[in-house]
Every structure is written in C-alpha cells, then in structure tokens.
Amino acid sequence: VQLQASGGGLVQAGASLRLSCEVSGRTLSGYTVAWFRQAPGKEREFVSGIWRGGAGEYYADSVKGRFTISRENAKNTVYLWMNSLKPEDTAVYYCAGSARVIMTTRRNQQFFDSWGQGTQVTVSS
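Worth saying up front: this structure is predicted, and the values here are computed from it rather than measured.

1. Quick notes on the side chain of Thr-90
- For Thr-90, the position within the fold is in the loop between β8 (77–82) and β9 (91–98).
- Within the local environment of Thr-90, its side chain forms a polar contact with the backbone oxygen of Pro-87, the two atoms lying 2.9 Å apart.
- A distance of 2.9 Å separates the side chain of Thr-90 from the backbone nitrogen of Val-123, its partner in a polar contact.
- Every residue in contact with Thr-90, bar those within four places of it in the chain, is listed here: Ala-39, Pro-40, Gln-120, Val-121, Thr-122 and Val-123.

Next comes the structure, spelled out in structure tokens:
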C-alpha cells in the first residue's frame, strides 16, 4: 500500500487549504486513513482520521470545527479541508493508513503501517 500526500502551501492566517492523500494498492473499504502533523521542534501529532473507509470521522481538539476530513472512493483519495488556518497549524502534514487500528489506537501513529511523504503547510500571521 502506498499513500501520496499533496496540497500544501504558504497561506495567510484565516485562509483555507485542501490536502489530498491518494491511496494505491488497496481500496478505502475497511481502511483507516489519518492525518498527522509535525511542527519544527515538536513531536508528530494526530490531526484527523476517517475510520475504516467512512464509518466515522474524528479530530484532534485543536482542529475540531476548522478541519474536515472526507473521502472520494472513486479516486481512492482522502481529503483534509483546512479552514480558518492559524500560524500554529504550520507543520509538515503526513497521511497514514492502517487496516489494523481499533477504536483505542486509531489516533496512535505507531499503529499506522503505511505513510505518505509529507506536505508542508505554512501559515503566516
């Protein structure tokens, strides 16, 4: 399974961006895809996930209400719609996939087996 992330860029605070994660090698059915991010000097953290191919979406508290995750089965792609961006959202964003996460591990990057290459998001104030 391979994942390819794209869509990052440099924007001003308050702007919007859409990140894409294209999955190849399997379908999204039964597959959990999540976004993580890593800011300079910080550990990588969970952002949002779409549970087992669409059984539900879940978010970190820091992005809830501003970010929306969705999927497009025909393109085998998961999107992260980021609105009202803040400078603290600046990070490299990674998408990751797993067929084995359960409810208690679905935010834990250690349980995600396949990772995209990362895409830089920079939000200026």
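2. A few points about the packing of aromatic side chains
- Applying the stated criterion across every chain yields a total of six aromatic pairs.
- Ring centres of Phe-36 and Phe-46 lie 5.8 Å apart, and the angle between their planes is 75°; on these two criteria the pair is classed as edge-to-face. One end of the pair, Phe-36, is in strand β4 (residues 32–38); the other, Phe-46, is in strand β5 (residues 45–51), with 10 residues separating them in the sequence.
- The class for Phe-36 is buried, based on a relative accessible area of 0%.
- Owing to a relative accessible area of 11%, Phe-46 belongs among the buried residues under this scheme.
- Three or more aromatic residues joined by ring pairs make a cluster, and in this case those are Phe-36, Phe-46, Tyr-58, Tyr-94, Phe-112 and Trp-115.
- Its guanidinium or amino end placed over the ring of Tyr-94, Arg-44 lies 5.1 Å from that ring's centre, counting from NZ or CZ.

The rules behind these values
- Residues numbered from 1 in each chain as written.
- Predicted model: local features only at pLDDT ≥ 70, side-chain atom pairs only at ≥ 80, totals over all residues.
- Heavy atoms only, no water.
- Helix = DSSP H or I, 4+ residues; strand = E, 2+ residues; numbered from the N terminus.
- Polar contact = N/O pair within 3.5 Å; in protein donor to acceptor, adjacent residues only side chain to side chain.
- Contact = heavy atoms within 4.5 Å.
- Phe/Tyr/Trp six-rings, centres within 6.5 Å; stacked < 30°, edge-to-face > 60°.
- Buried < 20%, exposed > 50% of the residue type's maximum accessible area, 1.4 Å probe, protein only.
- Lys NZ or Arg CZ within 6 Å of the ring centre and 35° of its normal.

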